[in-house]
Amino acid sequence: MKNALIWGLIIGALSGLWLFIMHIMGYDIQDSKASPYEYFSILIPIAGLFFGIKNYRDTECKGNMGVLEAIIQSFKILLFGGTIAIFAGIVYINYIQAGNNLSAFSGRMFGALLVGILCALAVSLLLATKSNKVD
């Protein structure tokens, strides 16, 4: 659980920081279309999950991890990271860019959820070492 908390904290903090960096760069979430810079944020969960699952596999599983173990650990990491990112998003919407932008932001959060799930599956398949059975 410690591994998931640490890497979830990293993903959540970087995602929240990215939201504020986009604001400094002049990006407005009230726009219905995404900024080209917004697509770079996909690197945060990919890198965080990759290094988090790799660390889990190497330290706690002693190099031998199945796909199901990796998926469960990925979802734990994403749960912690998503909670922190949503909190940062709420702070951003309420204090930085107040207004009627909840629907645009919630749409982006749903997109982030889908990206996180796809990244979790991809990283889990990539780093699993037990190939003869699911678990």
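All residue numbers here refer to positions counted from 1 along the written sequence of the relevant chain. The model is predicted, so local features are restricted to residues of pLDDT at least 70 and side-chain atom pairs to those at 80 or more, both for listing and for counting; the totals for chains, interfaces and linings are taken over all residues. Hydrogens and waters are ignored; side-chain quantities use all the structure's heavy atoms.

**Side note on the overall build of the protein chain**
Right, so step 1: Starting at the N terminus, helices and strands are each numbered in turn, a helix being any DSSP run of H or I of at least four residues and a strand any DSSP run of E of at least two. In terms of helices and strands, the protein chain carries four helices and zero strands.
Right, so step 2: When the helices and strands of the protein chain are read in sequence order from the N terminus, they spell out α-α-α-α.
Right, so step 3: In what follows, residue pairs with any heavy atoms lying within 4.5 Å of each other are defined as contacts. In the protein chain, the proportion of contacts linking residues at least 24 apart, taken out of those at least 6 apart, comes to 80%.
Right, so step 4: For the protein chain, the accessible surface area stands at approximately 8,000 Å², while carbon and sulfur atoms represent 71% of it. All accessible-area figures derive from a Shrake-Rupley calculation using a 1.4 Å probe, and residue coverage is judged against the displayed protein chains alone.

**Focus: the side chain of Q73**
Right, so step 1: Tracing the backbone through its elements, the reader meets Q73 in helix α3 (residues 67-96).
Right, so step 2: The cut-offs for exposure are 20% and 50% of the maximum accessible area for each residue type, with area from a 1.4 Å probe on protein chains only; residues under the lower value are buried, those over the upper are exposed, and the others partly exposed. Taking relative accessible area as the criterion, Q73 reaches 3% and is therefore assigned buried.
Right, so step 3: Residues contacting Q73, with those up to four places away along its chain left out, are N3, A4, I53 and Y56.

**Digging into the nonpolar core**
Proteins that are soluble and globular tend to have nonpolar side chains buried together.
Right, so step 1: Put simply, buried Ala, Val, Leu, Ile, Met, Phe, Trp, Tyr and Cys residues joined by side-chain atoms within 4.5 Å make one nonpolar core. Residues I11, L49, I53, M65, I77, V123 and L127 are the most contacted members of the largest nonpolar core, which totals 16 residues.
Right, so step 2: When residues of this core are traced back to their parent elements, those giving at least two are α1 (2-24), α2 (43-59), α3 and α4 (102-127).
Right, so step 3: Those residues in contact with I77 that sit more than four places away from it in its chain are N3, A4, W7, G8, I11, L49, G52 and I53.

**Overview of unusual backbone geometry**
Right, so step 1: Backbone geometry at K62 places phi at a positive 55°, although glycine is not the residue there.
Right, so step 2: Mapping K62 onto the fold places it in the loop between α2 and α3.

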